[in-house]
Amino acid sequence: MISFNLRGQNIGIDLGTANTIVFIAGKGIAFREPSVVAKNIHTGEVLAVGEEAFQMLGRTPGSIVASRPMKEGVIADYDTTVAMMRYFIQKATGNAFVKPYVMVCVPSGVTEVEKRAVLDATRTAGAKEAFIIEEPFAAAVGAGLPVHAPTGNMVVDIGGGTTDVATISLGGIVTSRSNRAGGDRMDEAIIQYIRKKYSLLIGERTAEIIKKEIGCADIEKAAAYGSMDIRGRDMVNGLPKTIEINAVDVAIAIHDVVESIILSVREVLEETPPEISADVIYHGIVLTGGGALLKNIAEVISAEAEVPVFIANDPLDCVAIGTGETLKNINVYKRKSFRQ
């Protein structure tokens, strides 16, 4: 277990649908683990959280369920989310009695009720006080964009549950879209495509491996990424089966999800004030999140939006790093909280 002396310090949490990254002020990123919890369905006892629970996905007996309590960027199972948050906070502090201030990221499109659920879950899990920051703003900070300058910046954060698109200027979000089309939707699309074309059933973990290995956003260029063998269950005879799937199939499978992301980018650009649009054309669009690692995604978005697109350094960590940087101004959030 990673342990830090956190008395008087603060924690930033990128609470993602697929993975959770914890940032400790003054320490940097402490750890990252899958946002998965394994529970006994009869007693409700939490058996494992994070990486240990992730290894159980699709392999549990009838008495145990391993699941993701976050769906499309918001809390789907409150009690399980609290248990997961408690685990992460205690792992970071190394002490169940230390109650740190915690900053948590949420998608830009969440409702006030969904925000309140995140705050309540974080406090119940052991935080002295909880605050929230919108993911695209945190991503922009983590990517090193001059978010407080009088110039426009645009960020596209492609996460597991959502894709957040936003233009930012003078320390605030000008226009934004939160589209529930992210890495998980791509995995689902791959599962359905293989089931329909090859009559083969595969699980979420296999779909994610396929996406990472040969997934490509551009159908025309996908052939260059070859093929791979995958294993699953034959729908015809019910027996295990191995097939070869090529990158073109994967690109076709995820095409609609990629198009949905592009549509969100275009909608935000259409609503952006002309001066900020001019800045975006000059500076380009920055991609963050795990989805930014999808092959050719930057080129496809750039071609459709007619704006240069760049992938941030450490795209997986941008939101967590941005949250950590925001922790430096935690006193501002404290004053706002107390006034409320």
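Residues numbered from 1 in each chain as written. Predicted model: local features only at pLDDT ≥ 70, side-chain atom pairs only at ≥ 80, totals over all residues. Heavy atoms only, no water.

## Overview of the pairing of strand E17 (residues 285-288)
Operational definition: Whether a residue is buried, partly exposed or exposed follows from its accessible area with a 1.4 Å probe, protein chains only, as a fraction of its type maximum: under 20%, in between, or over 50%, in that order. Note on conventions: DSSP H or I runs of at least 4 residues are helices, E runs of at least 2 residues are strands, and numbering of each starts at the N terminus. Paired strands, in this sense, are two strands between which DSSP finds at least two bridges.
Burial along E17 is two-sided: the residues Ile-285 and Leu-287 and Val-286 and Thr-288 are all buried. Where strand E11 (residues 153-158) and E17 come together, 4 bridges link them in parallel fashion. Paired with Val-156 across the two strands is Leu-287, which belongs to E17. Sheet analysis places E17 next to strand E18 (residues 309-311), joined by 3 bridges and oriented parallel. By the bridge assignment for E18, Val-286 is matched with Phe-310.

## Brief notes about the sheet that holds strand E9 (residues 101-106)
Which entries qualify depends on this criterion: Interaxial angles span 0 to 180 degrees and are taken between N-to-C directions of axes, which are lines fitted to C-alpha atoms, for helices over the stretch in contact. Contacts between residues were defined by any pair of non-hydrogen atoms, one from each residue, lying within 4.5 Å.
In spatial order, the strands read E3-E2-E1-E9-E10; together these 5 strands make up an open sheet with mixed pairing. Strand pairing shows two members of the sheet lacking a second neighbour, strand E3 (28-34) and strand E10 (129-134), which therefore form its edges. Across the sheet, the mean angle separating the axes of adjacent strands is 20° when strand polarity is ignored. Two elements, strand E1 (residues 10-15) and E9, share 4 bridges in a ladder whose sense is parallel. Note that in E9 the partner of Ile-13 across the bridge is Val-104. The strands touched by helix H3 (residues 112-124) within the sheet are E9 and E10, with E10 carrying the most contacts at an inclination of about 140°.

## What about the nonpolar core?
Counted only if it meets this: For this analysis, a nonpolar core means a set of buried residues of the types Ala, Val, Leu, Ile, Met, Phe, Trp, Tyr and Cys, connected via side-chain atoms within 4.5 Å.
Counting 48 residues, the largest nonpolar core has Ile-190, Ile-194, Ile-202, Ile-210, Ile-230 and Val-265 as its most contacted members. Counting residues in each nonpolar core, the second largest holds 26 residues, with Phe-31, Ala-92, Val-102 and Ala-121 among its members.

## Here we look at the environment of Val-46
Its place among the elements puts Val-46 in strand E5 (residues 46-49). Here Val-46 falls in the partly exposed class, since its relative accessible area comes to 34%. Taking C-alpha positions, Val-46 is 8.3 Å from Thr-80, a pair spaced 34 residues apart along the chain. Setting aside residues no more than four positions away along its own chain, Val-46 makes contact with Val-37, Ala-38, Lys-39 and Ala-83.

## Re the pairing of strand E2 (residues 19-24)
The element E2 is largely enclosed, with a buried count of 5 among its 6 residues. The sheet contact formed by E2 and E3 spans 6 bridges and is antiparallel. Each residue of the ladder has a partner; that of Phe-23, found in E3, is Ile-29.

## Things to note about the domain arrangement of the protein
Under the convention used in this document: Note that the domain bounds reflect an automated or database-derived domain assignment. For any pair of parts, buried area is found by adding up, for both, the accessible area (1.4 Å probe) each one loses once the two are put together.
Domains assigned within the protein are domain 1 (2-138 + 318-335), domain 2 (146-181 + 255-315) and domain 3 (183-253). For domain 1 versus domain 2, the separation of C-alpha centres amounts to 25 Å. On the side of domain 2, 22 residues touch domain 1, which itself brings 14 residues to the contact. Interface area, domain 1 with domain 2, both sides summed: about 1,300 Å², of which 60% is carbon and sulfur.

## Observations regarding the pattern of salt bridges
To keep things clear, this is the line we draw: Note on definitions: salt bridges are taken to be side-chain nitrogens of Lys or Arg within 4 Å of carboxyl oxygens of Asp or Glu.
For the coordinates displayed, the defined rule picks out 15 salt bridges. Between Arg-68 and Glu-204 there is a salt bridge, with its nearest N and O atoms 3.2 Å apart. Placement of the pair is Arg-68 in the loop between strand E6 (64-67) and strand E7 (70-71) and Glu-204 in helix H6 (residues 204-214), with a sequence separation of 136 residues. Assessed through its relative accessible area of 13%, Arg-68 is described here as buried. As a salt-bridge pair, Asp-120 and Arg-123 come within 3.4 Å of each other at their nearest N and O atoms.

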